[in-house]
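Commentary on secondary and tertiary structure
Okay, here's what each chain looks like letter by letter:
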Amino acid sequence: MNLQPVIGLGPQALVLGLDVGGTTIKAEISDAAGAVLAAGDVATPRGPAAFDAMLTLGDALLDKLSESERARVERAAVLLPGVVDTANSIAVFSANVGWRDIEVGSRFTERWAMPVVIEHDVAAAGWAEWRFGAGGDRDSVCVVIIGTGISGTLSVGGRFVRGGIGQAGEYGHIAVRPDGLPCPCGNTGCVETVASAAAIARAYTRRTGIECDSAAMVFERLADAGDDTDVRDGGTRAYDEHARAVVDDAVDALADGLLGVIHAACPERIVLGGGLAGAGEALAQPLRDALAARLRVVPAPEVVLGAFGARAGLTGAALFARYGVLA
């Protein structure tokens, strides 16, 4: 695939990218080669105050630059969670941050005296993985970002697919367990209630009574299988059995949720991104097996790990700022 910038910047231009998460706002100023000149992060305040924090963080990074470097910053991109109406520049809704119908308007442009584009965080991260990362040379790619929630993007026949107001794919809210747990969205048994990083940690705690604050701990238990040096509460084997069951449940739910997407669009490759992709092959291989066991009519897509890892959002922000369009 040959990507030509539609509204691209010159090679000397610097860009400012902000990735707004439910707990942290991250920002970087980078050059065309991806080298970072300034970086920072702050905790995400609840509600509209988060926009003040974005502005302040951007100010702080711009102030770190020399006068000549500041003159080279030609565009910024702000990636927002939740539902984002990019056409009308409105942050429609974010349950995690707690805002609704915030008119973004020209607040960033006026403050930083440069063009600023806004976009959905997962849309930009998924686009970056498809065009510049693990999507490689594939024209039809499904990117699944797994963290506190689950969402992603879909590219079909070399075209980036968007929802009615530009949404990313809400794969996490595909209901797969009718008798499962209630989801904050209002439905029952959504993929997110079983397969998100947060759900995996909660499930492990329910099974063992051991407080688990991250899915990484569950996957670490899998890696420790057979290590008899840990004899707490009956030894590692008991821990591993619980971890295995939790991960198996999560993979099964994720595979069930992706079946409809795969049958509808026949992606050549599935890219796993977000924090949970840090589990590596301990997540990717079971998902490959689960999809292969379920698919009969269409070929099973490749399942690979994202190239940008936890930096997919910041990478997407920088690339979006540089190219000016997701295409």
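Everything here concerns the structure above.
Description of the structure in this document. (Residues numbered from 1 in each chain as written. Predicted model: local features only at pLDDT ≥ 70, side-chain atom pairs only at ≥ 80, totals over all residues. Heavy atoms only, no water.)

Some words on the overall build of the protein
Summing up its helical and strand segments, the protein has ten helices and 13 strands in all. For 327 residues, the compact-globule formula gives about 20 Å, and the C-alpha radius of gyration of the protein, at 20 Å, lands near that figure. The C-alpha extent of the protein, read off along each of the three principal axes, is 60 × 45 × 35 Å. Here the protein holds 327 residues, and the buried ones make up 49% of them. At a minimum sequence separation of 6, the contacts of the protein that also span at least 24 residues come to 63%. Surface exposure of the protein reaches about 14,400 Å², of which carbon and sulfur atoms provide 51%. (Helix = DSSP H or I, 4+ residues; strand = E, 2+ residues; numbered from the N terminus. Rg over C-alpha atoms; globule rule 2.2 N^0.38 Å. Buried < 20%, exposed > 50% of the residue type's maximum accessible area, 1.4 Å probe, protein only. Contact = heavy atoms within 4.5 Å. Areas by Shrake-Rupley, 256 points an atom, 1.4 Å probe, with all protein chains shown as cover.)

Structural notes on the pairing of strand β6 (residues 90-94)
For strand β5 (residues 83-85) and β6, the ladder comprises three bridges, and the chain directions are antiparallel. The residue bridging D85 from the neighbouring strand is I90, located in β6. If you look at the hairpin formed by β5 and β6, you'll find four residues sitting between the two strands, and S89 has a positive phi there, around 55°. Examined bridge by bridge, β6 and strand β7 (residues 99-103) share four bridges and lie antiparallel to one another. Paired with A91 across the strands is I102, a residue of β7. Count of turn residues in the β6/β7 antiparallel hairpin: four residues, of which G98 carries a positive phi of about 90°. (Pairing = 2+ DSSP bridges.)

Describing helix α4 (residues 121-132)
Over its twelve residues, α4 runs 16 Å from end to end, which matches the ideal 16 Å to within 8%, given 1.5 Å per residue. Burial within α4 is extensive, with eleven of its twelve residues counted as buried. Residues D121, V122, A123, A124, A125, G126, W127, A128, E129, W130 and R131 constitute the buried set of α4. (Expected span 1.5 Å × (residues − 1).)

Concerning unusual backbone geometry
Excluding glycine, residues mostly have negative phi values, and the peptide bonds linking residues are mostly trans. Positive phi is not limited to glycine here, since S89 has a value of about 55°. Checked against the element boundaries, S89 lands in the loop between β5 and β6. Owing to a relative accessible area of 17%, S89 belongs among the buried residues under this scheme.

Points about the nonpolar core
Core analysis: the biggest nonpolar cluster contains 46 residues, and V144, I270, L272 and L287 have the highest contact counts within it. When residues of this core are traced back to their parent elements, those giving at least two are β9 (141-146), β10 (150-156), α5 (192-195), α6 (197-208), α7 (215-223), α8 (236-265), β12 (269-273) and α9 (281-294). A total of 13 residues in this core trace back to one element, the largest contributor, which is α8. Those residues in contact with L272 that lie beyond four places of it in its chain are V144, I146, A277, L283, A284, L287, V303, V304, L305 and G306. (Core = buried A, V, L, I, M, F, W, Y, C linked by side-chain atoms within 4.5 Å.)

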